[in-house]
Amino acid sequence: MSFTLPTYPQGFAHHTLHFTPAEQASLIEAVRLGANQAPFFQPTMPRTGAPLSVVMSNFGPLGWVTDKEGGYRYQSTHPITGADWPALPKMLLDLWHAVTDYPAPPEACLINWYREGSKMGLHVDNDENDLGAPVVSVSLGDPAMFRLGGPKRGGVTHGIKLFSGDVVVLAGDARLCYHGVSKIFYGQSALITKGGRINLTMRRVNTP
Ligand code: SIN
Ligand code: FE2
C-alpha cells in the first residue's frame, strides 16, 4: 500500500492543542471581558452590504472592520461605540513571539465568532501594509474545517480540522494563500457558554 501525504505550502504550521483546556478558558474569559468594552458587531460586505455570517470584535491598537460604505480596513476605534479597542492580552502577545520570529508585536487581533452555520469564504489576507509579517490564529470552542489552497483562486484546497486550543501560522508562501472555513461542527464543545467557535487572528499591519 502506498499513499501520499498532503504537501502544505511552505510557511504553514498547525500546532495542535497548543493551549491546555485551562488556558483556553482564560482566553475565552479575556474575550468576554474584551467584548464588554468592545461589543461584537455585525460586519457587512463592501458595496453590497451583505452581512458576513460571523460577528466580530478586536483587541489591539488596530482592529479589522468592514461595512458597505467603507469596505475592508483597519481602524483604531470600534465602528459603533467609537472607543479604542481593548489591549491585546499578554497570552496572545506571548504566543506571537513563541511561534514567529517577527521582530515586532502584532497590531491587531480580530475576534471572529462563528455560530451555527457560520462559514468564511476562501480569501487571502491582504489588507496589511506588511504582507511579509506572519498571521497567527487561535481556535476556541467548536471544531472547524479549515481549507487551505494555493496562491491562486480556484486551485485544490486541503481540509484541516481545527480543534479548540489549536494554533495556525500562515507565514512565508502560505501567507498569501487562499484559505477559509467551510464548516463549523456546531455544539461539540462546551467551552463557549453561548455556543459556537471563536477564532482569534493576530496580524501586523505596518512595517515596524
Ligand atoms: C480567517 O482566515 O479570517 C479565519 C480563519 C479561521 O477562522 O480559522
Ligand atoms: Fe484569513
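Residues numbered from 1 in each chain as written. Chains lettered and ligands numbered in written order. Predicted model: local features only at pLDDT ≥ 70, side-chain atom pairs only at ≥ 80, totals over all residues. Heavy atoms only, no water.

Student: Before we move on, can you summarise the packing of aromatic side chains with the specific residues and values?
Tutor: In total, this model carries five aromatic pairs according to the counting rule given. Between Phe 41 and Trp 85 the ring centres are 6.3 Å apart and the planes differ by 40°, which places this aromatic pair in the tilted class. Placement of Phe 41 in the loop between α1 (21-37) and β2 (54-59) and of Trp 85 in the loop between β4 (73-75) and α2 (90-99) is noted, with a sequence separation of 44 residues between them. For the pair formed by Phe 41 and Trp 85, the shared burial category is buried. Note that Arg 115 overlies the ring of Trp 113, its terminal NZ or CZ placed 5.6 Å from the centroid. One residue, Arg 197, lies across the ring of Tyr 114, its end atom 5.0 Å from the ring centre. (Phe/Tyr/Trp six-rings, centres within 6.5 Å; stacked < 30°, edge-to-face > 60°. Helix = DSSP H or I, 4+ residues; strand = E, 2+ residues; numbered from the N terminus. Buried < 20%, exposed > 50% of the residue type's maximum accessible area, 1.4 Å probe, protein only. Lys NZ or Arg CZ within 6 Å of the ring centre and 35° of its normal.)

Student: If you had to explain the sheet that holds strand β12 (residues 197-203) to someone new, which residues and values would you point to?
Tutor: Judged by pairing direction, the sheet is antiparallel, and its six strands sit side by side in the order β1-β10-β7-β12-β5-β2 without closing on themselves. Looking at which strands have only one partner, the edges of the open sheet turn out to be β1 (12-15) and β2. Across the sheet, the mean angle from the axis of one strand to that of its neighbour is 20°, orientation sign disregarded. Where β2 meets strand β5 (residues 108-114), six bridges bridge the pair, whose relative direction is antiparallel. Paired with Ser 57 across the two strands is Ile 111, which belongs to β5. Each of β2, β5, β7 (135-141) and β12 touches α1; the most contacted strand, β7, lies at about 100° to it. (Pairing = 2+ DSSP bridges. Axes fitted to C-alpha atoms, helices over the stretch in contact; angles between N-to-C directions. Contact = heavy atoms within 4.5 Å.)

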